[in-house]
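A structural walkthrough
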Amino acid sequence: MSGFRRGVRLGIDVGRARVGVARCDPDGLLATPVETVPRDEAAVARVVALVEEYSVFELLVGLPLNLRGEDTASTVDAREFATALAAASGVPVRLVDERLSTVSAHAALRDSGRSQRSSRSIVDQVAAVVLLQQALDVEKSTGRPPGTPVPQELA
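Here goes a summary of the coordinates provided. Just so it is clear, the structure is predicted and the values come from calculations on it, not from any experiment.

Another point: the sheet that holds strand β3 (residues 31-38). Here six strands make up an open sheet; going across it, the order is β3-β2-β1-β4-β5-β6 and the pairing mixed. Two strands bound the open sheet, and with one partner strand each, they are β3 and β6 (148-149). Relative to β6, strand β5 (residues 93-97) runs antiparallel, the two sharing two bridges. Paired with Arg94 across the two strands is Pro149, which belongs to β6. Here helix α1 (residues 43-53) sits on the sheet and contacts β1 (9-14), β2 (18-24), β3 and β4 (58-63); the angle it forms with β3, its principal contact strand, is near 150°. Across the sheet, helix α5 (residues 123-142) lies against β1, β2, β3, β4 and β5, angled at about 40° from β2, the strand it touches most.

Structure, rendered in structure tokens:
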């Protein structure tokens, strides 16, 4: 675990209707679901409140690239949300590749016996857990922070 930065992080899965939020323990051992935030004018403020509540040192926002690693319609939205979070929270924000995190979340929920309809309220949280756990694993295996930072001067 050399190079791993100790501290609580939030994983953020940005969607058009909802924002999934997950957190990890200070040692980055386990990502767990926190809540699903409605995507409205209060979404950024709610995530900032969670930053304060959990004493978070970094936000990891999922960047929905396509399978070729290219931007999608949702990529711009995620970047804008990440920039708004950086400006409002005052903590570092990093964009991490989240390809297939929602697909993985749906598969995990389906494997646990939940239908897609009954999973709708929590799938965003599970996707946030998947992207956060992947980011933690990357940092632990490489010793480098995952993804790319959102520049503070743009925030």
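Here the focus is the packing of α1 against helix α2 (residues 73-89). Look at α1 against α2: their axes get within 10 Å of each other, and the N-to-C directions meet at 50°. Here α1 is positioned oblique relative to α2, judged by the angle of their axes. For the element pair α1 and α2, the recorded crossing hand is right-handed. Between α1 and α2, the contacting residues are Ala43, Val44, Val47 and Val48 on the first element and Phe81, Ala84, Leu85, Ala88 and Ser89 on the second. The class makeup of the residues in the contact of α1 with α2 is eight nonpolar, one polar and no charged.

This brings us to the nonpolar core. One finds Ile12, Val21, Leu59, Phe81 and Leu85 to be the most contacted residues of the largest nonpolar core, which totals 28 residues. Mapped by element, the contributors of at least two residues to this core are β1, β2, β3, α1, β4, α2 and β5. Broken down by element, the residue count for this core peaks at six residues, all from α1. Discounting chain neighbours no more than four positions away, the residues touching Ile12 are Val19, Gly20, Val21, Val47, Leu59, Leu60, Val61, Gly62, Phe81, Leu85 and Leu131.

Let us now look at the pattern of salt bridges. With the rule as written, the count across this model stands at 10 salt bridges. Where Arg9 meets Glu139, a salt bridge forms, and the shortest distance between an N and an O atom there is 3.4 Å. Of the two residues, Arg9 is situated in strand β1 and Glu139 in helix α5; the sequence distance between them amounts to 130 residues. In this structure, Arg9 and Glu139 share a single accessibility class: buried. Among the ionic pairs, Arg46 bridges to Glu35, the shortest N-O distance being 2.7 Å.

Procedures and definitions
- Positions within a chain are numbered from 1, following the residues in the order the chain's sequence is written.
- A pLDDT threshold of at least 70 governs which residues receive local features in this predicted model, and a stricter bar of 80 or more applies before side-chain atom pairs are shown or counted, although totals over entire chains, interfaces and linings include all residues.
- To get the side-chain values, all heavy atoms of the structure are used, and hydrogens and water are removed first.
- Here a strand pair is declared whenever DSSP counts at least two bridges between the two strands.
- Only DSSP runs of H or I covering at least 4 residues are called helices, and only runs of E covering at least 2 are called strands; the numbering of each starts at the N terminus.
- In what follows, a contact means two residues having at least one pair of non-hydrogen atoms within 4.5 Å.
- A fitted line through C-alpha atoms represents every axis, and for helices the fit uses only the stretch in contact; the resulting angles, taken between N-to-C directions, go from 0 to 180 degrees.
- In these notes the angle categories are as follows: under 35 degrees is roughly parallel, over 145 is roughly antiparallel, 65 to 115 is roughly perpendicular, and the rest is oblique.
- If you view the pair so one helix is near and one far, a crossing is left-handed when the near helix is turned anticlockwise from the far one by less than a right angle, and right-handed when it is turned clockwise.
- All residues other than Ala, Val, Leu, Ile, Met, Phe, Trp, Tyr, Cys, Pro, Asp, Glu, Lys and Arg, Gly among them, are scored as polar; the first ten of these are nonpolar and the last four charged.
- Residues grouped as a nonpolar core are buried Ala, Val, Leu, Ile, Met, Phe, Trp, Tyr and Cys residues, joined through side-chain atoms within 4.5 Å.
- Exposure classes here rest on a 1.4 Å probe applied to the protein chains alone. A residue is buried below 20% of its type maximum, exposed above 50%, and partly exposed in between.
- Think of a salt bridge as a Lys or Arg side-chain nitrogen and an Asp or Glu carboxyl oxygen that are within 4 Å of each other.

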